[in-house]
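Structural overview
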Amino acid sequence: MSSTSPVSTDYSVSVSPEHEAYRKVVKEFADKVVAPQASRIDKENQMDVSIIRKAGEIGLLGIPFPEEFGGAGADDLTLAIAIEELTKASAACAAAISANYLVSTPLYLYGNDLQKKKYLGRLAKGEILGAHAMTEPGAGSDVAGIKTRAEKKGERYYISGRKVFITNGDKADVFLVFARTSPPEPGRRHRGITAFLLEKGAPGFKIGERLQVIGLRGEHPVELIFDGVEVGEESVVGEVGRGVRIALNTYDHGRIGVAAQGVGLAQAALEQALKYSVQRQTFDNYLLSYQQVQFKLAEMAAAAHTSRLLTYWAATLASRGLDFVKAASIAKITATESAEKNAHMAMLIMGAYGVSTEMGAERLLRDSQVIKTYEGTNDIQRLTIAKELAKELGVLPSAGQAN
Ligand SMILES: Cc1cc2nc3c(=O)[nH]c(=O)nc-3n(C[C@H](O)[C@H](O)[C@H](O)COP(=O)(O)OP(=O)(O)OC[C@H]3O[C@@H](n4cnc5c(N)ncnc54)[C@H](O)[C@@H]3O)c2cc1C
């Protein structure tokens, strides 16, 4: 779980029998436990936390962490495969599980021994849940623009501000909260932001409104309000003032997971459309016999396979400790846009049943809109790719930072 040497021409993707065996385990859980609830979760816009805890019980919340921290000691590719299979059943459920990693991953990479001992094992087993709180009403992509502040008095910090669109915010026990501890430095706006661990129920900390979004319904992000919430120095994760580095490295890893969500949605749309095309007849012929349908299915298969290969490529680079930033952004754009395209084509193939809310194809399209947006919008990914290309040339353009 690191990005060290700058390699951009290594295209090896190695999916081992162990990876495929793990896929089977996750698929069985997804088919038996998650899929039967997926439609209800979407319709009622409500997901019971027990589904995430059950995922934790079979190890899905601790895949890349060492066994000493309650993890499976597996690699980033294993995690990507797990997220793909979960998303095929329910993207909302996969998103809630992924959001837990937005706390456990930075804790693993930057937390001290005490913090890891206290939280990481329990997060990895699903005994407690985490929420990652960066976005604010006035700052999403531009993380340096956050206004939440942590004022230091003696050895204590007092956090005040407001966060929005926080996944798991109303379910979490522990929160990774980013706040400004000193003003931005000239030319280095990202300095002066610090990451804090905060527990549910701290005085002055309130869960605010649920925010209604078009897709991933049931995962419902919320608003968090901090009114002078007191924390000690032991709550600081990593170095004071270097929280943006922690956040951006976390999003680099998380982006592979979002790409995997795209692969899962793109594959789910393909499977749904294919199944429908051999069941539905028009003019005495199955839909699959029409070239217009065959072409759509072929394009959908191409999009799903391309997305999977790019996502596994990024995950393989990350697993091997190589630079995966550009690969992860390329995978995220391709896979999330393939999800949108495949969901749309599935709806077209399925006619009125495609737009009916009973069959689930429209849910895939709604879910695809959200994954294009979070953990760095796709346009922010394009900026990241351009920045990486410029770095390869030895020049550095000014570019936005992604959340
Ligand atoms: C369902 C959901 C769950 C979420 N969960 C979390 C969470 O758990 N924790 C968390 O902290 N956040 C979370 N978010 C927030 C998410 O990460 C942000 O919405 C995302 O980073 C985009 O920020 P924004 O919405 O403020 O858009 P903005 O930053 O305001 O961007 C608006 C538009 O401008 C474009 N844009 C912005 N800057 C540039 C630029 N420099 N160049 C070109 N185009 C640009 C963007 O691409 C976008 O199209 C969640 C969001 C959603 C919808």
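Overview of the structure. Everything quoted here is computed from the prediction, not taken from an experiment. (Residues numbered from 1 in each chain as written. Predicted model: local features only at pLDDT ≥ 70, side-chain atom pairs only at ≥ 80, totals over all residues. Heavy atoms only, no water.)

A closer look at the pattern of salt bridges
To keep it simple, the criterion reads: Each salt bridge in this description consists of a side-chain nitrogen of Lys or Arg and a carboxyl oxygen of Asp or Glu lying within 4 Å of one another. By the criteria applied, helices consist of DSSP H or I runs no shorter than four residues and strands consist of E runs no shorter than two, each listed in order from the N terminus. Accessibility here uses a 1.4 Å probe with only protein chains present; expressed as a share of the type maximum, an area under 20% marks a residue as buried, one over 50% as exposed, and anything in between as partly exposed.
Counted under the stated rule, the structure contains 29 salt bridges. When the shortest N-O distance is used, the salt bridge between Arg 23 and Glu 20 registers 2.8 Å. Of the two residues, Arg 23 and Glu 20 both sit in helix α1 (residues 17-44), three residues apart, roughly one turn of that helix. By relative accessible area, Arg 23 is classed as buried at 13%. Assessed through its relative accessible area of 34%, Glu 20 is described here as partly exposed. Ionic pairing is found between Lys 200 and Asp 173, a salt bridge with its closest N-O pair at 3.5 Å.

Focus: the packing of aromatic side chains
For any pair of aromatic rings, geometry is given as the distance between the ring centres together with the angle between the planes. What counts here: Aromatic rings from Phe, Tyr and Trp, with only the six-membered ring used for Trp, were paired whenever their centres fell within 6.5 Å, and each pair was classed as stacked if the ring planes differed by under 30 degrees, edge-to-face if by over 60, and tilted otherwise.
Scanning all chains against the criterion turns up eight aromatic pairs. Taking 6.2 Å as the distance between ring centres and 70 degrees as the angle between the ring planes, the aromatic pair formed by Phe 69 and Tyr 108 counts as edge-to-face. With Phe 69 in the loop between α2 (49-57) and α3 (76-89) and Tyr 108 in helix α4 (residues 91-110), this residue pair connects regions lying 39 residues apart in the sequence. When the centroid spacing of 5.0 Å and the interplanar angle of 65 degrees are considered together, the rings of Tyr 157 and Phe 196 count as edge-to-face. Of this pair, Tyr 157 sits in strand β3 (residues 156-166) while Phe 196 sits in strand β5 (residues 193-199), and the two are 39 residues apart along the sequence.

Quick word on the site of the ligand
In plain terms, the rule: In these notes, residues near a molecule or strand are those with any non-hydrogen atom within 4 Å of it. Distance and chemistry together define a polar contact, namely a pair of N or O atoms within 3.5 Å, with one atom able to donate a hydrogen and the other to accept it when in protein, and with adjacent residues in sequence counting only for side-chain atoms on both sides. Space inside and on the surface of the protein is sampled on a 1 Å grid over the protein atoms alone, with a cavity defined as a set of points where a 1.4 Å probe fits but cannot get out and a pocket as an open set with protein on both sides within 12 Å along at least 5 of 7 lines; lining residues have an atom within 4 Å of a point. If over half the atoms of a molecule are within 2 Å of the grid points of a cavity or pocket, the molecule is regarded as sitting in it.
By nearness alone, 19 residues border the ligand, and His 132, Thr 135, Ser 141, Phe 165 and Thr 377 come closest of all. Side-chain polar atom of Ser 141 to an oxygen atom of the ligand: 2.5 Å apart, as the coordinates give it. The side chain of Thr 377 places a nitrogen or oxygen atom 2.5 Å from an oxygen atom of the ligand. Mapping the ligand onto the cavity grids shows that it belongs to the second largest pocket. Of all the secondary structure elements, the ones that give two or more residues to the shell around the ligand are β3, α10 (361-373) and α11 (378-393).

As for the side chain of Thr 78
In plain terms, the rule: The criterion used for residue contact is that any of the two residues' heavy atoms lie within 4.5 Å.
With respect to the helices, strands and loops of the structure, Thr 78 is situated in helix α3. In this structure Thr 78 comes out as buried when scored by relative accessible area, which is 7%. Those residues in contact with Thr 78 that lie beyond four places of it in its chain are His 19, Tyr 22 and Ile 63.

Considerations on the environment of Thr 167
Among the secondary structure elements, Thr 167 is positioned in the loop between β3 and β4 (174-180). In this structure, the C-alpha to C-alpha distance between Thr 167 and Phe 178, residues eleven residues apart in sequence, is 15 Å. Contact partners of Thr 167, with chain neighbours within four places excluded, come to Ala 95, Ala 96, Ala 99, Ala 131, Glu 219 and Pro 221. In this structure the side chain of Thr 167 is engaged in a polar contact, spanning 3.4 Å, whose partner is the side chain of Glu 219.

Quick notes on a nonpolar patch on the surface
Using the following cut-off: Each patch is built from residues lacking any salt bridge and having more than 30% relative accessible area; the joining distance is 9 Å for like charges and 5 Å for nonpolar side chains (Val, Leu, Ile, Met, Phe, Trp, Tyr). Note that accessible areas follow from Shrake-Rupley with a 1.4 Å probe, and for residues the cover is restricted to the protein chains shown.
Taken together, Leu 274, Val 278, Tyr 286 and Leu 288 make up a surface patch of nonpolar side chains, about 330 Å² in accessible area. Note on placement: Tyr 286 falls in strand β10 (residues 285-286).

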